[in-house]
Structure formats: C-alpha cells, structure tokens
Amino acid sequence: MSQILLVAGLQLGWLVASSSARRPNVLIIQPDDLPHYDPWHRPPNTPNDPDRRIPFPSADGLPNLERLRNGGVELTQAYTTSAMCGTSRWSTITGRYPSRARSNEGDYVVIPRTKLEGRDCTAENIPQLFRDNGYRTSMFGKWHLSTIDYSKYTYEYAKSLVKECGFDHVSGLYAENLWHDFNDGSFSHNMEWITHEAIQEMKRDSDEPWFMYYNPTVPHGAESVSRALTEFSCMATPSGMLDSKPSVPGLTDDQSCWDYRQTIFERADSDEDVDLGAIWLDDAIGGLLRVLEDTGQLEDTVILFFEDHGMEPKSSLYEGGVRIPMFINYGSKLETGSKLDVPVSTVDIGPTLLEYADITPSYEMDGKSLKTALAHISYSNSNPTWIERCLFFELNYDRAVRCGCYKYLQINDRDNSNTWEKGGKAGLSKRRRNLFDLCNGTTEYSPTTDTEAVSVDDERAANELDSMLTCHSNQVESQDY
C-alpha cells in the first residue's frame, strides 16, 4: 500500500511540476498612430504647442488599456529605435536596429528599405525563434514588413510572404497601410474581423504555448476611421466578403456591427479618427482579455502593449517622436500597478520575451532582457546600469543617442530629414549637431519641461556622444552577413 501511495505521490508531483513549468503564451499588441495620452507619462509639449493636452475620451476613458497598465508594469521611459511604423516594427520583430536590415543597402533608414528579407525573414527574427522552440506563432492586422510585388498580389500571396517570416498562422491581414495598391476600395479598417480571427486562434485546442503578433490598423489615418465605421460592413475584408459577421465578446456577440459601431460615436468626444480609433482599439483589446479570462489563459500570458512610435512630432528623432507608451502584464507574476522608470527600447522586446519563454536566441540582438529588471523594480529604478544605459535612434540619415540625462542628435542631411523638417515646425533645435539635457539640470528625466528647444553647451559631452554614434554606425554597417 505504501508503495502505491509513493508512486501516486510521485506521479502527482510530476504533474504539478509539469503544469507549473509550462511556458507562457506571448501576446504583442502594437497599434498604429495611437496618441501618447496624458496619464501615460508622455514627453513634454513642443515650444510651438506648449499647452497641448491629450486626455482620455471623457465618456468612458480607455478602460481596457488602463487595465493592462494598472494591472501590470508601466515602462515610463520606453523608446522606439525609429520613428516610423515600418522601421519601428522591424526593430520590434528582430531585436535589432533598423540600419542592420539586409534590405537596406547603406545607412538611409526609411520604410521601403527596411523589410524582412533573406535571413531576416527566414531565420533571424522573434517569431522564427518561438516557432523553432515549440510555440505556435500567429500574426493578425497590419504587417508592413515585406516587399510586395503588386503584379502578383492576392490575399493568399500576401499571407504566404508573412508566413515565410516565422508564422504558422496568418489571418486578418493588412499587408500594408490602407492607401497601398492592395486596397481595391471594397474594405477599410475592420477591428471586429482582425480581433475575431485572433480570438479563434486563442481558443484553438492545443497543448502548445502560443506567440501572437496582433497589430491593429487604427487609429492610423491611412483611411478615415469615421468612414470605415459608417460606410463599410464588418464583413468586408481584404480576404473578401465574409459569410457572417465576426463575433467579438462585448462588441458584436449580442448585437449587430452597425449597432455596436454606433456606440463608438456615442462615447467619442469628436468624429476625429484618433478619438474613434482609440475607442475601437480599446474595445477590441477588451474582447481579447475576456477570451483569455474565459479560457483560463490570462494568468499564463505575457501581454506587451506599446505604440510603434510617438506622434508629437511624428517621424522625428525628438523625444515626442521616439518616446512611446509601453505596458507589460503577466498576471500575478509582476508587481501590479508599478512603474519601471529607466530607459528601455523596442530592441529589448525580443530578448525579454524570449527569456520569459526560456529560449536562447540563435543570433545576436542589440537589446537586453528586461525580465530581471521587472522582477526587481525598486532596485532597477535606482541602478546606474539601467539609468545611464545608452540607446540609439535612427531615421533617414539622421542619428541620435541617449545616455543617461544627455541626448545627442545629428541631423546629417537636411534635404532628406524628417527630423529637421518637423523640428522647425515644432520650434525645436535643429542644428546639425544638438546636445540636449533631458534632466534639465537635475539628475532625473524631466517629463514636463521641453529640453530639446535649445542645444546646451558641453563640448566634452557632445564629443563623447558623437564618438559613440560613430562607433554605433561602424558596428551596424560592418556586420558580416
């Protein structure tokens, strides 16, 4: 009898250990052109718009995004490597700076030159690593990372390109921004469809952990959000006309799409794309969270939410272009409602998520894992290794680096510089060489004072950071492929 009990006990212990050792699901949520709202520790206003406010919608706010933020960790000094949607997404999915892209011959960082090609697609990216290590991988929404031959375009052709880059399943796909040639005018933004397709994958009966890249198209103004809500059916999609409406809990499970969409207008403060799109996005995320709860997966899913780039001014290397909101949620495994107040970057996303999944990268990434920092937030917020780390930023031929309080910006070609153009309109310093004190004479990052209006005079610091940028450029350009 004692032997039977011993064997049973050992079997039970094995089952408990196996259950507790199950690797987490991973959900990346990366919307397009979402504002950096006031409560999210956004960058300072620019000199030419000093009193700007970006509040939540006054009726109901953004409750599901706030649930992610308050139920997890807010990363209050998060950055993208590059302030355009395609170049930013490239760094997200590879863990590398976009100037490393094999598709980019030279140092001109722009969307058409920053695509997943060669080994960047077939081997050296995050979804490939997850898939190679036992995860089922999927992608939904906006892609923007493949070079598309539109003479061959079909929806299935576009899906095949995305699948080549590490995804087992692709659906709800928008291959590019809505103004591109794949759009024949029969469809527009359709958050119900994208979210329905993602939900079907979440509910799939499988013992495999999953990795999901969920990319809402809203509130990007490539197509009017207001027009999408009023003039297009939720059954009209890039894949063709659906046979039935997409069902999303809390949105269309117990009402028609038209009735649901009317509630968006009722809750918005205006008919502007950004207001409507933010509510549509928040509702969709609420649908995802409800399914994760109902299926018992929420506690075991790492959810990372972040914007692709800043909007004030968009497409620039100033703080308002590269600072982004970012929240990470992992049930009770993280200190809920806390803030990691150190510089982090989109190149850190890959190393972080891979470490949570106990996967060792098979290639060198530019970022570093945040897992330990997230587990020891108070210590990390006072640790000089994190506070003074250096992050780099790339767009067009321009480059910038932030190390601790100092940020150094090079505008290298005014004829091809979004940063120079946007800086002039915003009243920011746009010299060829700019040194900014982001701490405004203190030892802490200043979130309320515009520190990029005037370049400060510190020749030694400027020379040191100039040398760092030169070293960075030499490293990324000399990589042997």
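Small disclaimer: the values here were computed from a predicted structure and weren't measured.

Caption draft 1: Highlighting the sheet that holds strand S15 (residues 433–437). Taken together, four strands build an open sheet; the order of strands is S12-S13-S14-S15 and the sheet is antiparallel. In this open sheet, the two edge strands, each paired with only one partner strand, are strand S12 (390–395) and S15. Shown here is a sheet whose adjacent strand axes are inclined to one another by a mean of 15°, direction ignored. In this sheet, strand S13 (residues 398–403) lies alongside S12 in antiparallel orientation, the contact comprising six bridges. Directly across from Phe 392, in S13, lies its bridge partner Val 401. The strands touched by helix H17 (residues 459–477) within the sheet are S12, S13, strand S14 (406–410) and S15, with S14 carrying the most contacts at an inclination of about 60°.

Caption draft 2: Quick peek at the state of the cysteines. Here the structure, examined in full by the defined rule, presents four disulfides. The side chain of Cys 121 participates in a disulfide bridge whose partner is Cys 165; the two sulfur atoms lie 2.2 Å from each other. Since a negative S-S torsion denotes a left-handed disulfide, the Cys 121-Cys 165 link at about -105° is left-handed. Here Cys 165 lies in the loop between helix H6 (155–164) and strand S4 (169–174) and Cys 121 lies in helix H4 (residues 119–122), a separation of 44 residues in the sequence. With a relative accessible area of 5%, Cys 121 lands in the buried category. With relative accessibility at 1%, the residue Cys 165 sits in the buried group.

Caption draft 3: Spatial organisation of the pairing of strand S2 (residues 73–79). The buried fraction of S2 is high, at seven of seven residues. Two strands pair when backbone bridges link them, and S2 and strand S10 (residues 326–329) are joined in this way by two bridges, in the antiparallel orientation. Across the sheet, the residue bridging to Val 73 is Ile 328, located in S10. Pairing analysis gives six bridges linking S2 to strand S11 (residues 338–345), with the strands arranged parallel. Bridge pairing in S11 links Leu 75 to Leu 340. Sheet topology places S2 next to strand S9 (residues 323–324); two bridges connect them, and they run antiparallel. Counterpart to Tyr 79 in the pairing with S9 is Arg 323.

Caption draft 4: Summary view of unusual backbone geometry. Backbone torsion omega between Val 218 and Pro 219 reads 5°, so that peptide bond is classified as cis. Within the element layout of this structure, Pro 219 appears in the loop between strand S5 (210–215) and helix H8 (225–231). Glu 312 connects to Pro 313 through a cis peptide bond whose omega is 0°. Looking at the secondary structure, you find Pro 313 in the loop between strand S8 (301–306) and helix H11 (319–322). Phi is positive for His 144, which is not a glycine, with a value near 75°. Locating His 144 in the fold gives a position in the loop between strand S3 (136–142) and H6. Residue class for His 144 comes out buried when judged on its relative accessible area of 2%.

Conventions adopted
Residues numbered from 1 in each chain as written. Predicted model: local features only at pLDDT ≥ 70, side-chain atom pairs only at ≥ 80, totals over all residues. Heavy atoms only, no water. Pairing = 2+ DSSP bridges. Helix = DSSP H or I, 4+ residues; strand = E, 2+ residues; numbered from the N terminus. Axes fitted to C-alpha atoms, helices over the stretch in contact; angles between N-to-C directions. Contact = heavy atoms within 4.5 Å. Disulfide = S-S within 2.5 Å. Buried < 20%, exposed > 50% of the residue type's maximum accessible area, 1.4 Å probe, protein only.

Keep in mind these numbers describe shape, not what the thing actually does.
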